[in-house]
Amino acid sequence: ELRTLFNGIFKYAVASGIIQHNPVAWIKFKRAERQTRDALPKDEIIAFLERIKQPKYDEIRQAMYLLYFFGLRPCEVDNDVHKEGNFLIARNRKRKNGKIEYKKIPIPTQAQGLIDWNKPLTFQTQSKYAQDELIKDLLNGKTGYYLRHTFSTVCQQYVRPDIVDIWMGDSPQRLVGKVYTHFPDEFMCEQMQKVQFPLP
């Protein structure tokens with residue numbers, strides 16, 4: 001974190017003509033390896049959905065359903081997340097340069113009986129640490145991101161990958177998909193109803 005901070009300061013100084021060289025560029029730097037996550041197998045999904053009913057998970061239950069049924073990142077389950085008609089609206093937290101963009105994800109029929117739309121949809125824990133510990137306890141040591149991978153894997157068994165990319169807030173690789181494709185709400189709802197999420 002400090003290297004990134006100083007690198008930005010010195011780059012600005014070089015660009016402004018204050019200094020000629022960025023001294024941080026001489027420091028060897030190895031990027032952290034990205035942690036590989038897999039989708040949960042069906043038996044672990046069923047176990048998760050059974051365990052989440054326990055009172056000790058009351059503070060994270062609503063948010064965990066959002067991770068499972070909508071593929072949100074844990075950081076996207078915040079005060080911006082809300083229901084509008086047949087859609088869940090959430091801010092896409094992976095946009096660069098402060099760009100604000102929202103995801104509009106159809107609500108699966110299977111989620112309707114589990115999510116209480118009259119209660120807060122966010123994590124209700126006192127701290128991020130308490131939140132992470134409860135999630136790891138619930139998922140047998142795994143993080144909430146495993147549910148994002150699970151959402152993507154389940155959805156792609158029933159609908160086209162480019163539609164799943166839109167729901168997840170990932171930019172399609174092709175410029176044509178990124179700029180020119182605008183599916184109507186009715187179509188997106190129809191696509192989501194094709195998905196069969198494993199349930200107990």
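Let us look at the structure shown here. Every chain's residues receive numbers from 1 upward, in the order its sequence appears when written. Note on the predicted model: pLDDT of at least 70 is required for a residue's local features to be given, and 80 or more for side-chain atom pairs to be given and counted; whole-chain, interface and lining totals, by contrast, use all residues. Excluding hydrogens and water, the side-chain values take into account all heavy atoms of the structure.

## Looking at the side chain of R73
Turning to step 1, where the next piece is worked out: The residue R73 is located in the loop between helix 3 (61–70) and strand 1 (82–84) in this model.
Turning to step 2, where the next piece is worked out: Under the rule applied, a polar contact is a pair of N or O atoms within 3.5 Å (in protein, one hydrogen donor and one hydrogen acceptor; residues adjacent in sequence only if both atoms are side-chain atoms). Within polar-contact distance, the side chain of R73 engages the side chain of E76 at 2.5 Å.
Turning to step 3, where the next piece is worked out: A distance of 3.2 Å separates the side chain of R73 from the side chain of N92, its partner in a polar contact. Numbering goes from the N terminus for both helices and strands, where a helix is a DSSP run of H or I of at least four residues and a strand is a run of E of at least two.

## Topic: the environment of Q157
Turning to step 1, where the next piece is worked out: Following the sequence through the fold, Q157 ends up in the loop between helix 6 (145–155) and helix 7 (161–168).
Turning to step 2, where the next piece is worked out: The spacing of Q157 and K194 is 37 residues in sequence and 9.6 Å in space, taken between C-alpha atoms.

## Digging into the sheet that holds strand 3 (residues 102–106)
Remark on secondary structure: sheet strands pair via backbone hydrogen bonds, oriented parallel or antiparallel.
Turning to step 1, where the next piece is worked out: In this description, strands pair whenever DSSP reports at least two bridges between them. Pairing in this open sheet of 3 strands is antiparallel, and the strands run 1-2-3 from one edge to the other. For this open sheet the edge positions go to strand 1 and strand 3, each flanked by a neighbour on one side alone. With direction set aside, neighbouring strand axes in the sheet form an average angle of 35 degrees.
Turning to step 2, where the next piece is worked out: Packing against the sheet, helix 9 (residues 185–194) makes contact with strand 2 (87–91) and strand 3, and its axis sits at approximately 55 degrees to strand 3. Only the contacting stretch of a helix is used when fitting its axis, a line to C-alpha atoms as for every element, and angles between N-to-C directions run 0 to 180 degrees. Contacts are assigned to residue pairs with any non-hydrogen atoms lying within 4.5 Å of each other.

## Quick word on the side chain of Q62
Turning to step 1, where the next piece is worked out: As for its placement among the helices and strands, Q62 is situated in helix 3.
Turning to step 2, where the next piece is worked out: Think of it in three bands: with a 1.4 Å probe and only protein chains considered, a residue is buried below 20% of the maximum accessible area for its type, exposed above 50%, and partly exposed in between. The class for Q62 is buried, based on a relative accessible area of 10%.
Turning to step 3, where the next piece is worked out: Setting aside residues no more than four positions away along its own chain, Q62 makes contact with L114, I115, D116, K119, P120 and L121.

## A short note on helix 2 (residues 42–51)
Turning to step 1, where the next piece is worked out: Along helix 2, the positions that sit buried rather than exposed are I45, F48 and L49. The arc enclosing the buried residues of helix 2, seen along the axis, measures out at 95 degrees, which places them on a common side.
Turning to step 2, where the next piece is worked out: Looking at the buried residues of helix 2, the elements they touch are helix 3, helix 5 (128–138) and helix 6. Think of it as the arc spanned by the lines of direction from the helix axis to the C-beta atoms.

## Looking at the nonpolar core
Turning to step 1, where the next piece is worked out: Each nonpolar core is a collection of buried residues, namely Ala, Val, Leu, Ile, Met, Phe, Trp, Tyr and Cys, held together in the definition by side-chain atoms within 4.5 Å. Residues F48, M64, L66, F70, L72, W167 and F197 are the most contacted members of the largest nonpolar core, which totals 47 residues.
Turning to step 2, where the next piece is worked out: Elements with a contribution of two residues or more to this core: helix 2, helix 3, strand 2, helix 5, helix 6, helix 7 and helix 9.
Turning to step 3, where the next piece is worked out: Per element, the largest residue contribution to this core is 8 residues, and it comes from helix 3.
Turning to step 4, where the next piece is worked out: Ignoring sequence-local partners within four residues, the contact set of F48 consists of M64, Y68, L138, L139 and L147.

## Digging into unusual backbone geometry
Turning to step 1, where the next piece is worked out: The phi torsion at N140 lies on the positive side, around 55 degrees, for a residue other than glycine.
Turning to step 2, where the next piece is worked out: With respect to the helices and strands, the residue N140 is situated in the loop between helix 5 and helix 6.

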